[in-house]
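These are the residues of each chain, in order.
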Amino acid sequence: MKIGIIGAGNIGGNLTRRLTALGHEVSVANSRGPQTLRALAEETGATPVTVAEAARGAEVVVVTVPLKNVPDLPQGLFDGAAEGAAVIDTCNYYPQQRDGRIGGIEDEGLTESRWTERQIGHPVVKAFNGTYAQDILDRHRPAGAPDRIALPVAGDDEAAKKTVRALIDELGFDSVDAGGIDDSWRQQPDTPVYGLREGADAVAKALAEASPVRPAGFRG
């Protein structure tokens, strides 16, 4: 598949490494420009591009940037993406640590991914937001392995969610359907499933045990 990755930090960089190793055609972008991605491109064979070019022709686009920077993404970013492109949102809201207070999340009660959808004008599938970046490289396992980790996946577009879950399976992880984007609070920071390194049954149990009340440490 043709995959665009916006953000080359820990998650974006390691997804670039794994997806290129699996034979996907990956374009990667960051806020500082393609010239700063030369080393990652040489290591992986990915194509460094500008953010505005990252979704061009892509069947899957990964948005993995600090949440406060989501509104700064170019308008019409997904206009040139493949029809029905799945957009993966890995972003988390850290109001005290990084992002500052975001009214749409705190005052309107939007989930972090619903807020992101409104900023970018495209449906998203929430995945990898509670995954340790190093696990993408080190903890992938073949299907059926007893220590295979499962990841929660939330989204309203069932076709896009199916695409993302198939990609997660290819990357070497199981997945658990966590419901729609309005249910994605169940996998936000400081919930039982966030950072959980367990199989599908444990992930489903953790999702069910989540509280909709935002923890004090994650309020602005």
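In this report, we go over the structure that sits alongside the text. (Residues numbered from 1 in each chain as written. Predicted model: local features only at pLDDT ≥ 70, side-chain atom pairs only at ≥ 80, totals over all residues. Heavy atoms only, no water.)

### Remarks on the layout of surface pockets
1) Next: Taken as a whole, the largest pocket encloses approximately 650 Å³ of empty space.
2) Next: Forming the walls of the largest pocket are 29 residues, and the residues nearest its centre are Thr 64, Val 65, Pro 66, Thr 90 and Arg 98.
3) Next: For the lining of the largest pocket, the residue count by class is 14 nonpolar, 13 polar and 2 charged.
4) Next: As a volume, the second largest pocket reaches approximately 310 Å³.
5) Next: Along the wall of the second largest pocket there are 19 residues; nearest its centre are Trp 185, Gln 188, Pro 212, Val 213 and Arg 214.
6) Next: Broken down by class, the residue content of the lining of the second largest pocket amounts to 9 nonpolar, 5 polar and 5 charged. (1 Å grid on protein atoms, 1.4 Å probe; cavity = no way out; pocket = protein on both sides within 12 Å on 5 of 7 lines; lining within 4 Å. Points joined across faces, edges and corners; volume = space filled by probe spheres on them. Nonpolar A, V, L, I, M, F, W, Y, C, P; charged D, E, K, R; others polar.)

### With respect to the pairing of strand 5 (residues 86-89)
1) Next: Judged by which residues are buried, strand 5 turns out to be covered on both faces: Ala 86 and Ile 88 on one side and Val 87 and Asp 89 on the other are all buried.
2) Next: Pairing of strand 5 with strand 6 (residues 125-126), which is carried by 2 bridges, proceeds in the parallel orientation. Counterpart to Asp 89 in the pairing with strand 6 is Lys 126. (Buried < 20%, exposed > 50% of the residue type's maximum accessible area, 1.4 Å probe, protein only. Helix = DSSP H or I, 4+ residues; strand = E, 2+ residues; numbered from the N terminus. Pairing = 2+ DSSP bridges.)

### A short note on the pairing of strand 8 (residues 174-177)
1) Next: Pairing of strand 7 (residues 150-155) with strand 8, which is carried by 4 bridges, proceeds in the parallel orientation. Bridge pairing in strand 8 places Leu 151 opposite Ser 175.

### Quick look at the sheet that holds strand 1 (residues 2-6)
1) Next: Strand order across the open sheet formed by 8 strands is 3-2-1-4-5-6-7-8, with mixed pairing between neighbours. Edge positions in the sheet fall to strand 3 (47-48) and strand 8, since each of these pairs with one other strand and no more.
2) Next: With 4 bridges joining them, strand 1 and strand 4 (residues 60-63) adopt parallel strand pairing. Bridging from a neighbouring strand, Ile 5 pairs with Val 62 of strand 4.
3) Next: Contacting strand 1, strand 4, strand 5, strand 6, strand 7 and strand 8, helix 7 (residues 158-171) crosses the sheet at an angle of about 165° to strand 7. (Contact = heavy atoms within 4.5 Å. Axes fitted to C-alpha atoms, helices over the stretch in contact; angles between N-to-C directions.)

### Some words on the packing of aromatic side chains
1) Next: Within the structure shown, the criterion is met by 1 aromatic pair.
2) Next: Centroid distance Tyr 94 to Phe 218: 6.1 Å. Interplanar angle 50°. Geometry classified as tilted. Taken together, the positions of Tyr 94 in the loop between strand 5 and helix 3 (95-99) and Phe 218 in the segment after helix 8 (200-209) put the pair 124 residues apart, joining distant regions of the chain. Both residues of the pair, Tyr 94 and Phe 218, belong to the buried class.
3) Next: Stacked on the ring of Tyr 132, the Lys or Arg Arg 197 has its end atom at 4.2 Å from the ring centre. (Phe/Tyr/Trp six-rings, centres within 6.5 Å; stacked < 30°, edge-to-face > 60°. Lys NZ or Arg CZ within 6 Å of the ring centre and 35° of its normal.)

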